[in-house]
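The primary structure of each chain is shown beneath.
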Amino acid sequence: EAQVTQNPRYLITVTGKKLTVTCSQNMNHEYMSWYRQDPGLGLRQIYYSMNVEVTDKGDVPEGYKVSRKEKRNFPLILESPSPNQTSLYFCASSAPGQGYYEQYFGPGTRLTVT
Amino acid sequence: KNQVEQSPQSLIILEGKNCTLQCNYTVSPFSNLRWYKQDTGRGPVSLTIMTFSENTKSNGRYTATLDADTKQSSLHITASQLSDSASYICVVSRYYTNAGKSTFGDGTTLTVKP
């Protein structure tokens, strides 16, 4: 089954404790993105990757890191999490269609930083 | 500034009724406009995608329209069902060649009551 998977789905952590949220897709997509979703703010892009070893900042990259060493994986790293990073995080991958890129979202990771 | 504004913010309708959600955007240059359905706590799922040359696209009971001149789109839901209760998100992308550049609206929360 074609899908985007994220782990963990739920995470509660403390300020300053490094964490990684994994994202994997089995559709051989070149493009992958990370978003955060907060009430009243909609989905905002954190980072995206156009291919292996090619990444770029989105709209809200501060406090996050990413890497793309393999095509299928795109982990999101929080080196020193803070309470304002409490949010719902989505990974997405994209494939070209007829004049657009079809985007597929993962199930989400709900992160709480205390 | 690239923006996507959706209205209404929330909507309650009775099962079987029709409804129309609105999306106005100022994103430029325009590549494509998508409507997503997002169930609570889950990732968004694509309903329709329209490029510049398309002014209507249907997916079952969902019909999206696009007026690229006025930069407006609408999503019409026919014969609503309880399962239509969700958030509906309008997304506008700026470049075909860069799948990462998308602007998301805040969504319209639809509640369908029996």
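For the structure given in this document, a descriptive report is provided here.

What counts, and where the lines are drawn
- Here the residue numbers are simple positions, counted from 1 along each chain's written sequence.
- Chains and ligands are labelled sequentially in the order written, the chains with letters from A and the ligands with numbers from 1.
- The predicted nature of this model means local features are confined to residues of pLDDT at least 70 and side-chain atom pairs, given and counted, to a pLDDT of 80 or more, with totals for whole chains, interfaces and linings taken over all residues.
- As a rule here, side-chain values cover all heavy atoms of the structure and leave hydrogens and water aside.
- Here the rule is simple: two strands pair whenever DSSP picks up at least two bridges between them.
- Here a strand is any run of E in DSSP of at least two residues, a helix any run of H or I of at least four, and the numbering for each starts at the N terminus.
- Each residue is assigned to one of three classes by its accessible area relative to the maximum for its type, calculated with a 1.4 Å probe on protein chains only: buried under 20%, partly exposed between the two thresholds, exposed over 50%.
- Note on contacts: a residue pair qualifies if any of its non-hydrogen atoms lie within 4.5 Å across the two residues.
- Only protein atoms enter the 1 Å grid, on which a cavity is a set of points fitting a 1.4 Å probe that cannot get out and a pocket is an open set with protein on both sides within 12 Å along at least 5 of 7 lines, lining residues being those with an atom within 4 Å of a point.
- Grid points are joined across faces, edges and corners, and a volume is the space filled by probe spheres set on the points.

Observations concerning the sheet that holds strand β7 (residues 65-66) of chain A
All names here are of chain A.
Step number 1: Taken in spatial order, the four strands of this open sheet run β1-β3-β8-β7, and their pairing is antiparallel. The sheet terminates laterally at β1 (4-7) and β7, the two strands that pair on one side only.
Step number 2: Relative to strand β8 (residues 76-78), strand β3 (residues 19-25) is paired through three bridges, and the arrangement is antiparallel. Note on β8: the bridge partner recorded for V21 is L76.

Quick look at the environment of A:Y35
Step number 1: Mapped onto the secondary structure, A:Y35 falls in strand β4 (residues 31-38).
Step number 2: On the accessibility criterion, A:Y35 (0% relative accessible area) is buried.
Step number 3: For the pair A:Y35 and A:L11, spaced 24 residues apart in sequence, the C-alpha separation works out to 16 Å.
Step number 4: Apart from the residues lying within four places of it in its own chain, the contact partners of A:Y35 are A:L43, A:R44, A:Q45, A:I46, A:L88, A:Y89, A:F90, A:A92, A:Q103, A:F105 and B:F104.

Brief notes about the layout of surface pockets
Empty space among the atoms can be located by rolling a probe the size of a water molecule over them.
Step number 1: Considered as a void within the structure, the largest pocket measures approximately 610 Å³ in volume.
Step number 2: Considering the residues around the largest pocket, the lining is formed by 28 residues, among which A:Q37, A:P39, B:S87, B:D106 and B:T109 are closest to the centre.
Step number 3: Looking at the lining of the largest pocket, the elements that each hand over two or more residues are β4, β9 (87-96) and β11 (109-113) of chain A together with β1 (4-7), β9 (86-93) and β11 (108-113) of chain B.
Step number 4: There is about 480 Å³ of room inside the second largest pocket.
Step number 5: Along the wall of the second largest pocket there are 22 residues; nearest its centre are A:F105, A:G106, B:G43, B:P44 and B:V45.
Step number 6: At the level of secondary structure, the elements contributing two or more residues to the lining of the second largest pocket comprise β1 and β10 (101-105) of chain A together with β4 (32-38) and β5 (45-51) of chain B.
Step number 7: When residues of the lining of the second largest pocket are assigned to their parent elements, the largest contribution, four residues, is made by β10(A).

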